[in-house]
Amino acid sequence: MLLEISDLSIQYPRAISPLLENISLSFACGEVTALLGPNGCGKTSLLRAISGELDYAGHIHLFGRTQADWYRTQQDHRALARRYGLLAQHSNLNFAFTSREVVQLGLGPGSLSRVEQGERVEHFMQRADVWHLRDRLFPSLSGGEKQRVQLARVLSQLSLAEPGEEKILLLDEPTSALDLKHQHQVLALVCEVAGENTAVIAVLHDLNLAARYADRMVMLGQGRVQADGAPAALLQPDLVEQVYGYRGQLVNVSGHSALL
Amino acid sequence: MEFRLSDKSLLPALIALLLLGSCLSLAVGAMTIGWGDVLAGLMHWSWPSILDQDVPEQYALVLGEIRLPRLLLGLIVGGILGVCGAVMQGMFRNPLAEPGIIGVSSGAAVGAGIVLVFGAVLGAWLGTHSEKLQWLLLPAFASTGAIFATWLVYVLGDRGRSVVMMLLAGVAISALAGAALGMFAYVATDTALRDMTMWQLGSLSGATWTSVLVAGLIFATSAGFLWSRANDLNALLLGESEARHLGVDVNGLKRQIIVLNGVAVGAAVSVSGIIGFIGLVVPHIVRLLRGPDHRYLIPYSGLLGGLLLTVADTIARSVFAPAEMPVGILTALLGAPFFLFLLWQQRRQIF
């Protein structure tokens, strides 16, 4: 397993009860996992704990080693960076970099030649459908455009991994600012990326989008994992009502299930 | 396409301007010296037997002992302020951070004030070595004050996430420093008082070869170290967690920046007092010309900072010649409206 979480609990200071309690999950290579659940259920906190920004009780293993172990030396930290990417929900870059320069930051100073760097940047900007924005200033882009540029940056970062190395990609609501077309485009891209030796874990809000693209859905609620399994098994009105407190109706249109 | 100058045009232009500004600064002043005499005077001062030509003795003295160290000090202090402004803006991820505005220079001034006022007490205790120690103690105390102030503003400003808190913390620290300096003024001797007034206004008039040497060494080392972290600073602009995911040791980087910045600003303040707004204006201009990439921003800010302070100092000491105006007044006069303009531009992002 690329990422293993065991007995993880998160409690914010001064909170009465823990946000998450004794959660155990593991994530395999090649799989897209959608993290779902009502507002405030701890999806983003779980992601932040996994990415090491939040204090927690319990254990998180990345590629078989504990998280703290990876950050002990600068060499290991850099080695982890090329196979472990995070796309945050918001980006607040106040300085006038062009989109192309932002994507290039993902490649860092590294060992690539200038030409190779240029090719990689173009490749990932094309895939995230932002190549036409390459010379625009990043702060002047719309929210959705920024998100796609940042996705291209994270993907270019993961392209630095050695061939055959397994990778982890964390996405915090990657579709929140996107229009309809790009929601589908980005999730299709994410599925492609999972096929390239990567475990993808994405916080998502839209159940139907998650069901359509994810290989596995994990529903959080009341501090625990409420359901974990294949989308078809989880997209059930009873279960959704239990987690979200809203009863939807399941419809079936040309092979795709959707909850309305 | 975004407007960016290439290094091929920007670097030669900046160096040419620097040379021009330097010559101007050597020639202009209470005693105007012709272009030819500047060169002859300098040569005569550095190596009296090199020329057969007769150069007035006072030219050599004014150039070698007063104007040249002052010019070099201006380039160094301006460079420090430019580089530190650029790096601090990177760390705070906001173009409004500046040593003067967020109280770092004030912190350094308090450190320097302690040495100036209590130096006499310290001197009696240390005996005859106090004179030699003063040039070491002054930057050391000023740097400590600057490091402490930077750390405080950074923590209070929610680690670069809150611009409002950063600016308000700067206001509070400046007020506190003002009170401390005012208190020092009451117990200070006349000489110390005069020194302190100069400190608070900011002036290069105290330039000596010792101060040039000390500030120059500190500038070269700290700016060099900071430049070597340019790639990591670029990553930091994306955000702290993003930078960490890109393999940057964020805490180590921030510690290094706070200490190196503090040492450099402390050195600058201990030789010239609080000269504001250079660190604000210079990186802004460089970003407009060359973009926000720290690999270029840091060296160009150093060069442009030196140029700007030298020109400002030349103007400040020649408009009311033979009296001279502290250069800090001039930079504040030009820089403060620029700060207001930036605030106005950013008003939507701040609140």
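This is a predicted model, so every value here is computed, not measured.

A.B. asks: Teacher, can you tell me more about the sheet that holds strand S9 (residues 216–221) of chain A here?
C.D. replies: Hydrogen bonds between backbone atoms are what pair the strands of a sheet, whose relative direction is either parallel or antiparallel. Residue and element names in this part refer to chain A. Overall, mixed pairing links the 6 strands, which are arranged S6-S7-S8-S3-S9-S10 in an open sheet. On the outer flanks of this sheet lie strand S6 (84–87) and strand S10 (224–229), each paired with one strand and no other. Across the sheet, the mean angle separating the axes of adjacent strands is 15 degrees when strand polarity is ignored. Bridge count between S9 and S10: 5 bridges; the pairing is antiparallel. The partner of valine 218 across the bridge, within S10, is aspartate 228.

A.B. asks: Just to check I follow, could you spell out the side chain of Thr150(B) for this structure?
C.D. replies: Residues and elements named next belong to chain B. Inspection of the secondary structure puts threonine 150 in helix H5 (residues 130–156). When its relative accessible area of 1% is taken as the criterion, threonine 150 is described as buried. Reaching out from threonine 150, the side chain makes a polar contact with the backbone oxygen of alanine 146 at a distance of 2.6 Å. Sequence-distant contacts of threonine 150, that is, excluding residues within four places in its chain, are made with Met88, Met91, Val104 and Ile258.

A.B. asks: What is the right way to read the packing of helix H1 (residues 7–27) of chain B against helix H2 (residues 35–46) of chain B from this model?
C.D. replies: Two measures define how a pair of helices packs: the angle their axes make with one another and the distance between the axes. Residues and elements named next belong to chain B. Remark: H1 packs on H2, axes separated minimally by 10 Å, with the N-to-C direction vectors making an angle of 85 degrees. In terms of orientation, H1 lies roughly perpendicular with respect to H2. From H1, Cys23, Leu24, Leu26 and Ala27 reach across to H2, where they touch Trp35, Val38 and Leu42. A breakdown of the residues in the contact of H1 with H2 according to their chemical character gives 7 nonpolar, no polar and no charged.

Calculation criteria
Residues numbered from 1 in each chain as written. Chains lettered and ligands numbered in written order. Predicted model: local features only at pLDDT ≥ 70, side-chain atom pairs only at ≥ 80, totals over all residues. Heavy atoms only, no water. Pairing = 2+ DSSP bridges. Helix = DSSP H or I, 4+ residues; strand = E, 2+ residues; numbered from the N terminus. Axes fitted to C-alpha atoms, helices over the stretch in contact; angles between N-to-C directions. Buried < 20%, exposed > 50% of the residue type's maximum accessible area, 1.4 Å probe, protein only. Polar contact = N/O pair within 3.5 Å; in protein donor to acceptor, adjacent residues only side chain to side chain. Contact = heavy atoms within 4.5 Å. Parallel < 35°, antiparallel > 145°, perpendicular 65-115°, else oblique. Nonpolar A, V, L, I, M, F, W, Y, C, P; charged D, E, K, R; others polar.

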